[in-house]
Amino acid sequence: MKLLVVGGGGREHAIIRKLKENPQVETIYALPGNGGIAADAVCVPEIGAKDLDRIVDFAKSHAVDFAVVAPDDPLALGCVDRLHEAGIPCFGPDAKAARIEASKVFSKNLMKKYGIPTARYEVFDDPAKALEYLRGEDVGFPIVVKADGLALGKGVLIPQSLEEAEAAVKTIMEDKAFGDSGNEIVIEEFLTGPEVSVLAFTDGTAIAPMASSMDHKRAGDGDTGLNTGGMGTVAPNPFYTKDVAATCMEKIFLPTLAAMRAEGCPFKGCLYFGLMITPDGPKVIEYNCRFGDPETQVVLPLLKTDLLTVMEAVENETLGDLNVDWHDGAAACVILASGGYPASYPKGKAITIPADLPENVTVYHAGDKLEGDRLVTSGGRVLGVTAVGGTLQDALADAYAAAERIEFEGKYMRHDIGKRALSAMEG
């Protein structure tokens, strides 16, 4: 089989590495891919993930048998719709279903209409009315201000005071820091509790949740510094107990799928539930319409069932007939970033990865490229170093040991990935 994966980051590398395990897979094309992915797939760097015309033309001219659209932007733009129109089987939601991530207003209104637990909120398309609301007596701080549309994972601000909230509204709605994504905003209550990420395979009716995970968004140790795309992950998440999982299935997962069907936009693909385990029970912080990054880098290594088989079952709407099995044990991913990330950072620094890393360690390439035969940095999050172990302690020890041996100028990582998870397990 010939496969095509749209995207070029660590998430896509993890998907490609897993798809390669199927003996039927002969060739995987990555559009655009990156320097490290080139060792596992045929990269086509001249075709970007949002260049839908060229993606479809490439898939047709190269007789692609199955495509996977991984990033949010091409999903929201209708890449799956276009590939289906060309007769190419595809994993991922269509544009109507991708609104569950592409529009915070759509997703919040969906949850309100169908009684899915989430934070209380209000929607505004007028900055003056948003400011008037924030100055009301019923508003407490901190509070959450979200741009409606896609904003590279950076469109969520958490002001600690009225002054910061006013500045947030100005940044999003007037200064257009996130472009048209900020034409509307959602202002919602600040929830407290442990966060859990649950990715799930779904064909619109049946659902197969993946191993739960815990992301670490802040740049610095102790959850300090700026928000990033994610500095590391662990799986499974100890806060996601069997009781919590049962509650989520009954009150969140199945009702979400039913709501999407009722709205005429059934969701097929990977639906990401960003959850908070509040004192009142689990609530939805956000939905994503695709695999998370770097959650994918710890979840897919634990998948026992063949990934392509699962994806084909989603496309064919036969997921309910398939048992999706998972390995015991745990996985940990430590992100190696360019110094300065998520603000400005240098590029073009040579990367050295030892050839003798243990078998249980995988290095997923995110922000790098090839210059001749030399691998150099090209992004903020450069590599994801993932280890699988019998316990989370083992996985973390092996991931950090490998991360320390990888070198590039300005290499930066957090040193407390998984610390909160370990404390929860010990407690």
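Placed above this text is the structure.
Model, not experiment: these values are computed from the prediction. (Residues numbered from 1 in each chain as written. Predicted model: local features only at pLDDT ≥ 70, side-chain atom pairs only at ≥ 80, totals over all residues. Heavy atoms only, no water.)

Trainee: Please provide a residue-by-residue account of the sheet that holds strand 6 (residues 121-124), values included.
Mentor: Read across the sheet, 4 strands follow the order 6-9-7-8 without closing on themselves; strand pairing throughout is antiparallel. Each edge of the open sheet carries a strand with a single partner, namely strand 6 and strand 8 (156-157). Relative to strand 8, strand 7 (residues 143-147) is paired through 2 bridges, and the arrangement is antiparallel. Counted as the bridge partner of Val-145 is Leu-157 from strand 8. Helix 8 (residues 162-174) contacts strand 6, strand 7, strand 8 and strand 9 (185-189) of the sheet and is inclined by roughly 5° relative to strand 7. (Pairing = 2+ DSSP bridges. Helix = DSSP H or I, 4+ residues; strand = E, 2+ residues; numbered from the N terminus. Contact = heavy atoms within 4.5 Å. Axes fitted to C-alpha atoms, helices over the stretch in contact; angles between N-to-C directions.)

Trainee: Please set out the state of the cysteines residue by residue, giving values where relevant.
Mentor: Per the counting criterion, the structure on display carries 0 disulfides. Among the cysteines around Cys-90, which has no disulfide bond, Cys-79 carries the closest sulfur, lying 6.4 Å off. Here Cys-265 stays unpaired: no disulfide links it, and the sulfur of Cys-289, its closest cysteine neighbor, is 12 Å away. (Disulfide = S-S within 2.5 Å.)

Trainee: Account for the environment of Thr-27, naming residues and giving values.
Mentor: Relative to the helices and strands, Thr-27 resides in strand 2 (residues 27-32). You can call Thr-27 buried: its relative accessible area is 18%. For the pair formed by Thr-27 and Leu-4, sequence separation is 23 residues and the distance between their alpha carbons is 8.4 Å. (Buried < 20%, exposed > 50% of the residue type's maximum accessible area, 1.4 Å probe, protein only.)

Trainee: Please set out the environment of Asn-323 residue by residue, giving values where relevant.
Mentor: As for its position among the elements, Asn-323 is in the loop between helix 11 (307-316) and strand 18 (330-338). Residues Asn-323 and Cys-248 lie 75 residues apart in sequence; the distance between their C-alpha atoms is 20 Å.

Trainee: Could you give an account of the pattern of salt bridges, with specific residues and numbers?
Mentor: Counted according to the given criterion, the structure contains 23 salt bridges. As a salt-bridge pair, Asp-40 and Arg-17 come within 3.9 Å of each other at their nearest N and O atoms. Of the two residues, Asp-40 sits in the loop between strand 2 and strand 3 (42-43) while Arg-17 sits in helix 1 (residues 10-19), which places them 23 residues apart along the sequence. Residue classification places Asp-40 among the buried residues on the basis of a relative accessible area of 17%. Accessibility expressed as a relative area gives 34% for Arg-17, which makes it partly exposed. Connected via shared salt-bridge partners are Arg-17, Lys-20 and Asp-40. (Salt bridge = Lys/Arg side-chain N within 4 Å of Asp/Glu carboxyl O.)

Trainee: Lay out the packing of helix 6 (residues 104-114) against helix 9 (residues 242-262) with the relevant residues and their values.
Mentor: Contact geometry for helix 6 and helix 9: axes closest at 10 Å, N-to-C directions at 105°. Considering the angle they form, helix 6 stands roughly perpendicular to helix 9. Together, Phe-106, Leu-110 and Tyr-114 of helix 6 and Ala-259, Met-260 and Ala-262 of helix 9 make up the contact between the two elements. Classifying every residue of the contact of helix 6 with helix 9 gives 6 nonpolar, no polar and no charged. (Parallel < 35°, antiparallel > 145°, perpendicular 65-115°, else oblique. Nonpolar A, V, L, I, M, F, W, Y, C, P; charged D, E, K, R; others polar.)

Trainee: I'd like to hear about helix 9, residue by residue, with values.
Mentor: An ideal rise of 1.5 Å per residue puts 30 Å on 21 residues; helix 9 measures up with 28 Å between its terminal C-alpha atoms. Met-249 marks where helix 9 bends most, by close to 45°. Listing the buried residues of helix 9 in full gives Val-244, Cys-248, Ile-252, Phe-253, Thr-256, Leu-257, Ala-259 and Met-260. Of the surrounding elements, those touching the buried residues of helix 9 are helix 5 (95-102), helix 6, strand 10 (195-202), strand 11 (207-209), strand 16 (269-278) and strand 17 (281-288). At the exit of helix 9 stands Gly-264, carrying a positive phi of roughly 80°. (Expected span 1.5 Å × (residues − 1). Bend = angle between axes of the 7 residues up to and from the residue.)

Trainee: Please provide a residue-by-residue account of helix 12 (residues 392-405), values included.
Mentor: Helix length check: helix 12 (14 residues) gives 20 Å between terminal C-alpha atoms against 20 Å at 1.5 Å per residue, within 8%. Turning to helix 12, its buried residues number three or more, namely Leu-392, Ala-395, Leu-396, Ala-399, Tyr-400, Ala-402 and Ala-403. Seen along its axis, helix 12 keeps its buried residues to an arc of 165°; they face one direction. Contacts made by the buried residues of helix 12 are with strand 15 (232-235), strand 18, strand 19 (361-365), strand 22 (381-389), strand 23 (411-412) and helix 13 (419-426). (Arc of directions from axis to C-beta.)

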